[in-house]
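Observations on the three-dimensional arrangement
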Amino acid sequence: DVAVVSSVTASEDVQVEVAEIPHTLLNRLAVQEAGESYRLHENDSGSPEFQIARLTAKIKYMSVHVSANKKDHANTRGLLSMVSTRKKLLRYLRSCSMDRYRKVISDLNIRVAQSER
């Protein structure tokens, strides 16, 4: 599977470049971008916000994969594991700081149960 990405240069003559980028590379870049926006400091890799952001990007990618490949039980199990880990991290963040929790769920568009808001 590859994605087709086109770019347009801002010169008088419009040039279109088409490159094929594997979906796995796009996923890796999305995960890195998600983590970068939630880093608390340069070497941060353990804050709940950072971990939740990275897991959310991975979950989005795996959800698409699992819905397209219904019989891929190994990745379905991995997806459920990631969702469970994110849920535990959200629960921990909610117990530490309700403001940070609300900011993360609103920024990342994470659905939570009514009782957990």
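Residues numbered from 1 in each chain as written. Predicted model: local features only at pLDDT ≥ 70, side-chain atom pairs only at ≥ 80, totals over all residues. Heavy atoms only, no water.

Turning to the overall build of the protein, a few remarks are in order. Within the protein, the secondary structure is distributed over four helices and two strands. Taken from N to C terminus, the helices and strands of the protein fall in the order β-β-α-α-α-α. Within the protein, the proportion of its 117 residues that are buried is 27%. Taking the contacts inside the protein whose residues are at least 6 apart along the sequence as the reference set, 37% of them involve residues at least 24 apart. Accessible area for the protein stands at about 8,500 Å²; split by element, carbon and sulfur atoms hold 51% of it. (Helix = DSSP H or I, 4+ residues; strand = E, 2+ residues; numbered from the N terminus. Buried < 20%, exposed > 50% of the residue type's maximum accessible area, 1.4 Å probe, protein only. Contact = heavy atoms within 4.5 Å. Areas by Shrake-Rupley, 256 points an atom, 1.4 Å probe, with all protein chains shown as cover.)

Although it is not a glycine, Asn109 adopts a positive phi angle of roughly 55°. Along the chain, Asn109 falls in the segment after helix H4 (98–107).

This paragraph deals with the nonpolar core. Among the nonpolar cores identified, the biggest contains 21 residues, and Ile52, Leu90, Tyr101, Val104, Ile105, Leu108 and Ile110 are the most heavily contacted of them. Of all the elements in the fold, those that place two or more residues in this core are helix H1 (23–37), helix H2 (48–68), helix H3 (73–96) and H4. Tallying contributions element by element places H2 first for this core, with seven residues. (Core = buried A, V, L, I, M, F, W, Y, C linked by side-chain atoms within 4.5 Å.)

For the rest of this paragraph, the subject is the side chain of Arg86. Within the secondary structure, Arg86 is located in helix H3. Accessibility expressed as a relative area gives 14% for Arg86, which makes it buried. Residues contacting Arg86, with those up to four places away along its chain left out, are Ile52, Leu55, Thr56, Ile59 and Ile110.

Moving on: H4. For H4, the full list of buried residues reads Tyr101, Val104 and Ile105. When H4 is viewed along its axis, its buried side chains cluster within an angular range of 95° and face the same direction. Those residues of H4 that are buried are in contact with H2 and H3. Following H4 by one or two positions, Asn109 adopts a phi angle in the positive range, close to 55°. (Arc of directions from axis to C-beta.)

The next thing to look at is the confidence of the model for the protein. When pLDDT is averaged along the protein, the result is 84, and 84% of the positions lie at 70 or above. Least confident of the elements in the protein is strand S1 (residues 2–8), whose mean pLDDT is 52; most confident is H3, at 96. (pLDDT = per-residue confidence, 0-100.)

Right, let's get into H2. Along its 21 residues, H2 runs 30 Å from first to last C-alpha, staying within 8% of the 30 Å computed at 1.5 Å per residue. Of the residues making up H2, those classed as buried are Pro48, Glu49, Phe50, Ile52, Ala53, Leu55, Thr56, Ala57, Ile59, Met62 and Val66. (Expected span 1.5 Å × (residues − 1).)

In the contact formed by H2 and H3, the axes pass within 9 Å of each other and the chain directions differ by 155°. Taken together, the axis directions place H2 and H3 in an arrangement best described as roughly antiparallel. Where H2 crosses over H3, the two elements pack in a sense that is left-handed. Every residue of H3 that contacts H2 at Pro48, Glu49, Gln51, Ile52, Leu55, Thr56, Lys58, Ile59, Met62, Ser63, His65 and Val66 is listed here: Asn75, Thr76, Leu79, Met82, Val83, Thr85, Arg86, Leu89, Leu90, Tyr92 and Leu93. (Axes fitted to C-alpha atoms, helices over the stretch in contact; angles between N-to-C directions. Parallel < 35°, antiparallel > 145°, perpendicular 65-115°, else oblique. Left-handed = near helix turned anticlockwise from the far one by under 90°.)

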